[in-house]
Amino acid sequence: LKMSWVWFYLPLHLLVVAYLCHSIKAPTTSSQQSFKTDLFNFYHSLILADGKETTIHLLKDIPKRYYFVLEEGRALAPFTITVTPCDVPIEWSILVHKASASYLGKAARGDHNTQGVSKSQKASGMVSTIFNYKGNSVETYMGMSSHSALYILEFLSTERDTHITVYFTTDTTSGHLYPELPMDPRIDVIGIGYTTVTLTWKHSPSVLQHTENIQYCLLVNEKHNYKSLCAAETAIRSSGMKLPPTLALSLSPYLLEPQQVMILSNSELSIINRASSGEVRQICMGTKNTYTVPNLRPSTQYYLDVFVVNLLTNASAAYTGTFARTLDEPEPKVTELKDGKVIQVVLDGKRQKSHSLQYQAKHKKIQFTFQLCHGQVQVHITKNGKTVASENISGLRCFSLKGKLLDTYLVQVTSTEETNSSVKVQASPHFHKPLFPLLPESLKIKSFSKLRTCNSVTIAWLGTQEESKYCVYKKKIGEDQIWVELQNADRCSGPESRHKSEKVLCKYFYDINLQRAVTTETIKGLDAGTLYLFDVYLFGSSGIPVRYHSKVVKTRRNC
């Protein structure tokens, strides 16, 4: 083997084959040894590292080759190769260049071309194909050689550019990079509800041996199953969003993208990736092998995949995915609405997320009035089967509709939250006595920071052109109560639900000029450095109060 520039114009696999043939057949001189060292260093990036996972990027219709050598001197040297496609199906083969036919090998999962099946003959019969596969499943090949041999791995993607991971090792005694799957890797669906699916699966042997380093992660989506965690991450990224570094490392701190929601509860981490094509939910639950997936939609088919993940190596193995369809939501109950009668609808957000009310018009002009008491709801109104209004309700909302006598209106109220929601509903003709008083442009209460003292605060609110009664209430609260008080307040409840000691005053006022329909009140006798919750109630001729938005104000500590 002589140094010549012509060698650099040969294909890489022929260069390495030529080197191997020479190293087997003839003694080397120091110059030849130097050339071989330079040659291997030059192509070092295409030599598979032993005991490491390698990420390989493939361009469409362009084959890529990697190499590894089993050295002489080891009797029946074993090796293992695992290839994980991260997107589309690929074709890959193992070719061997050897000086003798002493070779033993088999595919880890059977039915592929193995020893004795040769797709190509190269270098006068010295290169033969011992294994090939086409698909997008994770595939492992286990082989054993009794002589020095050069192995060539060929990879090809015919659909589009993609990437794969390849794990090669000759150490089959010190454990596995990938967690082990049980003999039966299926996922069993043991329970289905309207919004839940309960799964169970057999424990991975790796979990039983290395509890602190292994965990299970579940992937839930509405499109299809994924055969590897790598494929799932690629699919989520292709939908236009970024993932955390990986599911396995999802307990490490990182910044979520705007399309992601992270939920951490009861030692479980959930990451929801939202995309136009639906959401992909990732849940890591430690070493539990039974799990109930919550917050699903009724009448929807979900695909569920379980991965066992090694937290130290970030390697994973996939159970056989399954799918399940949640139960159909029962038809909502229909309540009759009568002229002027107020009905309060209560939704628990889980078992009953919607309620329907029916009203038959006795007049041509109808008004529907809604007062949101708690939570968040959406209102959908149809007239004779056609939608006439649809809106999320916040506070008070009135819909004035025109139609014919005996038109049938169907009002559907739906909770948009998982927590309890409630709303008051009234249907009435236009000339009917209004349910609520005339309202100002805003129901916000304003406080004046510069007018705060250690024992008083000054607040203001808008009024109307109609003389009405306003009552002010105060309540002392702690720092940790602010969120609860503001979020859980019943906006339909009136002063009758308040303690008498919380009442500050009641007053009447109005102004024909709306620009001047503003009133202020200074509340005295307060404690220094203390938080107070202030509420204002507006009463009209109907007697039903409207509660302004609560305001939290803190008195000055030092004056």
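Thresholds, definitions, all that
- Residues numbered from 1 in each chain as written.
- Predicted model: local features only at pLDDT ≥ 70, side-chain atom pairs only at ≥ 80, totals over all residues.
- Heavy atoms only, no water.
- Helix = DSSP H or I, 4+ residues; strand = E, 2+ residues; numbered from the N terminus.
- Contact = heavy atoms within 4.5 Å.
- Areas by Shrake-Rupley, 256 points an atom, 1.4 Å probe, with all protein chains shown as cover.
- Pairing = 2+ DSSP bridges.
- Axes fitted to C-alpha atoms, helices over the stretch in contact; angles between N-to-C directions.
- Salt bridge = Lys/Arg side-chain N within 4 Å of Asp/Glu carboxyl O.
- Buried < 20%, exposed > 50% of the residue type's maximum accessible area, 1.4 Å probe, protein only.
- Disulfide = S-S within 2.5 Å.
- Patch = residues over 30% accessible without salt bridge, like charges linked within 9 Å, V, L, I, M, F, W, Y side chains within 5 Å.
- 1 Å grid on protein atoms, 1.4 Å probe; cavity = no way out; pocket = protein on both sides within 12 Å on 5 of 7 lines; lining within 4 Å.
- Points joined across faces, edges and corners; volume = space filled by probe spheres on them.
- Nonpolar A, V, L, I, M, F, W, Y, C, P; charged D, E, K, R; others polar.
- Domains from an automatic or database assignment.
- pLDDT = per-residue confidence, 0-100.

When its secondary structure is counted, the protein shows 5 helices and 37 strands. Nonlocal contacts in the protein, meaning residues at least 24 apart in sequence, comprise 73% of its contacts between residues at least 6 apart. When the accessible surface of the protein is split by element, carbon and sulfur atoms take 52% of a total near 29200 Å².

Right, let's get into the sheet that holds strand 26 (residues 386-393). If you walk across this open sheet you meet the 5 strands as 21-23-28-25-26, and the pairing is mixed. Each end of this open sheet is capped by a strand with a single partner; those strands are strand 21 (334-336) and strand 26. Recorded for the sheet is a direction-independent mean angle of 20 degrees between the axes of neighbouring strands. In terms of strand pairing, strand 23 (residues 354-360) meets strand 28 (residues 408-415) through 7 bridges, oriented antiparallel. By the bridge assignment for strand 28, Gln-358 is matched with Leu-410.

Scanning all chains against the criterion turns up 16 salt bridges. Note that Arg-397 and Glu-391 form a salt bridge whose closest N and O atoms lie 2.7 Å from each other. The partner of Asp-535 in a salt bridge is Arg-547, with the nearest N and O atoms 3.2 Å apart. Of this pair, Asp-535 sits in strand 35 (residues 531-539) while Arg-547 sits in strand 36 (residues 545-547); the two residues are 12 residues apart in sequence, bridging distant segments of the chain. Relative accessible area serves as the criterion here: at 0%, Asp-535 is assigned to the buried category. When its relative accessible area of 12% is taken as the criterion, Arg-547 is described as buried. Counted as one network, the salt bridges with shared partners bring together Arg-498, Glu-502, Asp-535 and Arg-547.

This part is about the state of the cysteines. Per the stated rule, a full pass over the model turns up 5 disulfides. Disulfide pairing places Cys-86 opposite Cys-230 at an S-S distance of 1.6 Å. In this structure the cystine formed by Cys-86 and Cys-230 twists about its S-S bond by roughly 110 degrees; its chirality is therefore right-handed. One end of the pair, Cys-86, is in the loop between strand 3 (77-85) and strand 4 (90-98); the other, Cys-230, is in helix 4 (residues 229-238), with 144 residues separating them in the sequence. For Cys-230, a relative accessible area of 18% puts it in the buried group. Residue Cys-373 pairs covalently with Cys-492 via a disulfide, S to S 1.7 Å. Judged by the sign of its S-S torsion, about -85 degrees, the bond between Cys-373 and Cys-492 is left-handed. Of this pair, Cys-373 sits in strand 24 (residues 365-374) while Cys-492 sits in the loop between helix 5 (482-487) and strand 33 (503-509), and the two are 119 residues apart along the sequence. A relative accessible area of 0% places Cys-373 in the buried class.

With that out of the way, let us pick up the environment of Gln-412. Take Gln-412: it is sitting in strand 28. In this structure Gln-412 comes out as partly exposed when scored by relative accessible area, which is 28%. Counting along the chain gives 30 residues from Gln-412 to Thr-382, while the straight-line C-alpha distance between them is 8.6 Å.

Another point: a nonpolar patch on the surface. Side chains of Val-189, Ile-192, Tyr-194 and Leu-327 sit close together on the surface and give an oily, nonpolar patch of about 310 Å² of accessible area. Within the element layout of this structure, Leu-327 appears in the loop between strand 20 (322-325) and strand 21.

On to the pairing of strand 28. In strand 28, alternate side chains face the same way, and those of Tyr-409, Val-411, Val-413 and Ser-415 are buried while those of Thr-408, Leu-410, Gln-412 and Thr-414 on the opposite face are not. As paired strands, strand 25 (residues 377-383) and strand 28 are joined by 7 bridges and run antiparallel to one another. Along strand 28, the bridge assignment pairs His-380 with Gln-412.

In this fold, Val-189 is placed in strand 11 (residues 187-192). Val-189 sits in the partly exposed class, given a relative accessible area of 31%. In sequence terms Val-189 and Ala-324 are 135 residues apart; their C-alpha atoms lie 7.4 Å from each other. The contact partners of Val-189, leaving out residues within four places of it in the chain, are Val-197, Thr-198, Leu-199, Thr-322, Phe-323 and Ala-324.

With that out of the way, let us pick up empty space enclosed by the protein. A full pass over the atoms with the stated rule returns 3 cavities of 30 Å³ or more. Along the walls of the largest cavity sit Gln-371, Leu-372, Gly-395, Leu-396, Leu-443, Arg-491, Val-546, Arg-547 and His-549, which together make up its complete lining. Those elements giving two or more residues to the lining of the largest cavity turn out to be strand 24 and strand 36. Residue classes in the lining of the largest cavity are distributed as 4 nonpolar, 3 polar and 2 charged. Counting contributing residues per domain, the lining of the largest cavity is built from domain 3 (334-428) and domain 4 (445-554), each supplying no fewer than three.

On average, residues of the protein carry a pLDDT of 79, and 76% of them reach 70 or more. Highest mean pLDDT in the protein belongs to strand 31 (residues 457-462) (97); lowest belongs to strand 14 (residues 260-265) (40). Contacts of residues 1-13 to residues separated by more than four positions or lying in other chains number 16 contacts, the stretch itself having pLDDT below 50. The low-confidence segment residues 100-111 (pLDDT under 50) makes 39 contacts with residues lying over four places distant or belonging to another chain.

Moving on, we get to the side chain of Thr-82. Within the fold, Thr-82 resides in strand 3. In this structure, Thr-82 is in contact with Val-138, Glu-139, Thr-140, Thr-165, Val-166, Tyr-167 and Tyr-178, ignoring residues within four places of it in sequence.

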